[in-house]
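Fold and contact review
In case you want the letters, here they are:
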Amino acid sequence: MELLREAIGSAVRLLTHGDPYTLEVLLLSLRVSLSATVCALVVGLPLGMAIAFGRFPGRRLLLALVNTGMGMPPVVVGLVVTILLWRSGPLGALGLLYTPTAMTLAQAVIALPLVVALSAAALGQVDEEFRLQLRGLGASRLRSLWEVAREARLPLLAAAMAGFGAAISEAGAALMVGGNLRGQTRVLTTAAVLETSKGNFDLALAFGVVLLGLTFVVSLALTLVQLHGRPTSR
Amino acid sequence: MTALLELRGVVVRARDCAILDVPGLTLHTGETLAVLGPNGAGKSTLLRVAGLLLRPDTGQLLLDGQPAREDALRRATAAVLQRPLLRRGTVADNAGLGLRFRGVGRREAQRRAAPWLDRLGIAHLAGRPGRLLSVGEGQRVSLARALATAPRLLLLDEPFAALDEPTRGQLVLDLRELLADHQVAALLVTHDRREAAALAQRTAVLDQGRLLAVGPTEHVLADPTLSPLVGASLLDAELARRLAAPQQHPARCKTPLSCERIHR
């Protein structure tokens, strides 16, 4: 108990005094995970739309794959991305291994199935006749999809948040493709792993608290947006 | 006279089975054509084909005598479906939606849609969220939204089906006046022969995807061979039989509850 109390006290001091090391790790985490979320959204939203509205052979198989992907272990993603980016691997010439870009790529792969599955579910909730009505008012195919996405913007936001949550909270893939290099590829989760193994529980806990805080802020923002977007009752 | 819209040899199939087979059907400027028929007759499919919301497997659509291009037909038509299907936003936003799809800015779209809200008696609702309206009010917004695009052809897919009787009657009469005033053609899909009688100069009858008859509404509705298909309900006969019996005034109840008492 004593150890835990001391660790919490040190964590609070580190956070309140704006420790440069903690700050540096936090900023890199945000940069990598936000970029990964954006990448997952750019690829995932059209895929979610295709699954929600498309009628093509293999649609069910794709949905099954995406659902399976939601439970994909980050370590497996890390391994595959590492092999791809390894010097003698297919993308080795890019020289991306042990860079924040590699971490972004791995986290985007982890977030992608969540974004695809949740956005497909969100878009599927919008009344099918609504799209017909939009087309019947002269909307182009693309414009009608955009309008449907606007209708489903709250659950789509939840899909984005889930993707971000998955990205920022994983450690395995970031460790494997990033290498946990201080000042270069060290993020909150990998830093917490390292400091724990070194016995620096206060620092590890400080990173844990920051991670929890980020999760809380994201959840709070989502809740506020959802409350704001809900129609008030008469 | 060249028809505004002509369907030639239109066939729509689903799993190798024809669900719509219309050898020929024309619609002229300013004319309302009703399409009657039982459930599953292919009425809504016909309407979707007429707006190219659904591409027929074979056949051709002509707009002003020329093969119809999708974008040109889309701009010439506007659809009103059974439910209002309003999106988030105010009534004014919703009313201008069709214009927004035609590249008009938000404010300008609202400005141009406003007279239609007024014309349909819902100008006072312009600032209200569309989702909070009753079905009747929502359907008026839906009509305003379609008419604001200045369509040459209005595609009406059972637009009054979800309304109660008094609301439906009033809206049908309002729409008749609007269509006549603005010379807008309409294709009206309906189950209700009274709507056809009130709105349509000509009526087509569909059954199991086949076009059985087209002609002046009064001829079609009076044809005894078509009556089972055009909604001459067995219940109409029931009602007539009951009303023919000697009548007494029913005992009157007290006045209806006021809102305050209902919500107390």
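Model, not experiment: these values are computed from the prediction.

1. Quick look at the overall build of chain B
Scanning chain B from terminus to terminus reveals eleven helices and ten strands. Rg of the C-alpha trace for chain B: 20 Å, near the compact-globule value of 18 Å for 264 residues, within the 12% margin. Within chain B, the proportion of its 264 residues that are buried is 43%. Long-range pairs, those at least 24 residues apart, make up 67% of the contacts in chain B between residues at least 6 apart in sequence.

2. Considerations on the overall build of chain A
Summing up its helical and strand segments, chain A has eleven helices and zero strands in all. Ordered by position from N to C terminus, the α and β elements of chain A give α-α-α-α-α-α-α-α-α-α-α. Overall, the C-alpha framework of chain A stretches about 65 × 55 × 25 Å when taken along its three principal axes. Residue pairs at least 24 apart in sequence account for 76% of intrachain contacts in chain A once pairs closer than 6 positions are excluded.

3. A word on the interface of chain A and chain B
Across the boundary between the two partners, chain A contributes 15 residues, which contact 22 residues of chain B. Elements with a minimum of two residues in the side of chain A that touches chain B: α6 (128-136) and α7 (141-151) of chain A. By residue number, the principal contributor to the side of chain A that touches chain B is α6(A), which donates six residues. Of the residues that constitute the side of chain A that touches chain B, the class distribution is five nonpolar, three polar and seven charged.

4. Some words on the confidence of the model for chain B
Residue and element names in this part refer to chain B. Taken residue by residue, chain B gives an average pLDDT of 89. The fraction at 70 or more is 94%. Here helix α11 (residues 259-263) is the element of chain B with the lowest mean pLDDT, 51, and strand β8 (residues 185-189) is the one with the highest, 97. The ipTM value of the predicted complex is 0.85, and its pTM value is 0.80.

5. Details of helix α8 (residues 153-169) of chain A
The first and last C-alpha atoms of α8(A) sit 24 Å apart over 17 residues, in line with the 24 Å expected at 1.5 Å per residue. Where α8(A) is concerned, the buried positions are Leu156(A), Ala159(A), Ala160(A), Ala162(A), Gly163(A), Phe164(A), Ala166(A), Ala167(A) and Ile168(A).

6. Side note on the environment of Arg106(B)
Residues and elements named next belong to chain B. Summarising the element assignment, Arg106 is placed in helix α5 (residues 106-119). With 13 residues separating them in the primary sequence, Arg106 and Asp93 have C-alpha atoms 7.6 Å apart. Among all residues touching Arg106, those that are not within four sequence positions of it are Gly96 and Arg100.

7. Side note on the packing of helix α6 (residues 135-147) of chain B against helix α7 (residues 165-182) of chain B
All names here are of chain B. At a closest axis distance of 11 Å, the pairing of α6 and α7 adopts a crossing angle of 15°. Relative to α7, the element α6 is oriented roughly parallel. Of the two elements, α6 crosses α7, and the hand of that crossing is right-handed. In contact with Gly136, Gln139, Arg140, Leu143 and Leu147 of α6, α7 contributes Thr167, Leu171, Leu175 and Leu178. Partitioning the contact of α6 with α7 into residue classes produces five nonpolar, three polar and one charged.

8. Here we look at unusual backbone geometry
Here Asn180(A), not a glycine, exhibits a phi torsion of approximately 60°, which is positive. Relative to the helices and strands, Asn180(A) is located in the loop between α9 (172-178) and α10 (188-197). Unusually for a residue other than glycine, Leu85(B) sits at a positive phi of about 50°. Mapped onto the fold, Leu85(B) is located in the loop between β6 (77-80) and α3 (91-95). Judged by the 22 C-beta atoms lying within 10 Å of it, Leu85(B) is buried.

9. Section: the packing of α6(A) against α7(A)
All names here are of chain A. In the contact formed by α6 and α7, the axes pass within 9 Å of each other and the chain directions differ by 135°. Taken together, the axes of α6 and α7 are oblique relative to one another. Here the hand of the crossing between α6 and α7 comes out right-handed. Every residue of α7 that contacts α6 at Phe130, Arg131, Leu134 and Arg135 is listed here: Ser144, Glu147, Val148 and Glu151. Class assignment of the residues belonging to the contact of α6 with α7 gives a composition of three nonpolar, one polar and four charged.

10. Some words on the pairing of strand β2 (residues 17-27) of chain B
It is a general feature of regular strands that their side chains alternate between the two faces of the sheet. Residue and element names in this part refer to chain B. Across nine bridges, the pairing between strand β1 (residues 5-14) and β2 is antiparallel. Counted as the bridge partner of Val12 is Leu20 from β2. Linking β1 back to β2 in an antiparallel pair, the connection comprises two residues, with Arg15 at a positive phi of about 50°.

11. Describing the nonpolar core
In this structure, Val35(B), Ala144(B), Leu153(B) and Leu187(B) are the most contacted members of the largest nonpolar core, which totals 81 residues. For Ala144(B), the contacting residues outside a window of four places in its chain are Ala95(B), Ala113(B), Trp116(B), Leu117(B) and Leu120(B). By size, the runner-up hydrophobic cluster in this structure holds 60 residues, among which are Ala40(A), Val77(A), Leu156(A) and Leu205(A).

12. Brief notes about helix α5 (residues 100-124) of chain A
Residue and element names in this part refer to chain A. Look at α5: 35 Å from first C-alpha to last across 25 residues, which is about the 36 Å you get at 1.5 Å a residue. Maximal helix bending in α5 amounts to about 35°, located at Ala111; proline Pro113 follows within four positions. Counting buried positions over the 25 residues of α5 gives 21, a clear majority of the element.

13. Thoughts on the pairing of strand β7 (residues 153-157) of chain B
All names here are of chain B. Across the five residues of β7, five count as buried, placing the element largely inside the fold. Alternating positions in β7 separate into two faces, Leu153, Leu155 and Asp157 on one and Leu154 and Leu156 on the other, with burial throughout. Of the strand pairs in this sheet, β6 and β7 are connected by four bridges, and their pairing is parallel. Pairing of Ala78 across the sheet is with Leu154, part of β7.

14. Observations regarding the environment of Val38(A)
All names here are of chain A. Positionally, Val38 belongs in helix α2 (residues 20-53). Its 16 C-beta neighbours within 10 Å are what place Val38 among the partly exposed residues. Separated by 121 residues in the primary sequence, Val38 and Ala159 place their C-alpha atoms 12 Å from one another.

15. As for the confidence of the model for chain A
Here chain A averages 90 in pLDDT, while 97% of its residues score no lower than 70. Mean pLDDT values for the elements of chain A range from 79 in helix α1 (residues 2-16) of chain A up to 96 in α5(A).

The rules behind the values
Residues numbered from 1 in each chain as written. Chains lettered and ligands numbered in written order. Predicted model: local features only at pLDDT ≥ 70, side-chain atom pairs only at ≥ 80, totals over all residues. Helix = DSSP H or I, 4+ residues; strand = E, 2+ residues; numbered from the N terminus. Rg over C-alpha atoms; globule rule 2.2 N^0.38 Å. Buried ≥ 20, exposed ≤ 12 C-beta atoms within 10 Å, placed from the backbone. Contact = placed C-beta atoms within 7 Å. Nonpolar A, V, L, I, M, F, W, Y, C, P; charged D, E, K, R; others polar. pLDDT = per-residue confidence, 0-100. Expected span 1.5 Å × (residues − 1). Axes fitted to C-alpha atoms, helices over the stretch in contact; angles between N-to-C directions. Parallel < 35°, antiparallel > 145°, perpendicular 65-115°, else oblique. Left-handed = near helix turned anticlockwise from the far one by under 90°. Pairing = 2+ DSSP bridges. Core = buried A, V, L, I, M, F, W, Y, C linked by C-beta atoms within 7 Å. Bend = angle between axes of the 7 residues up to and from the residue.

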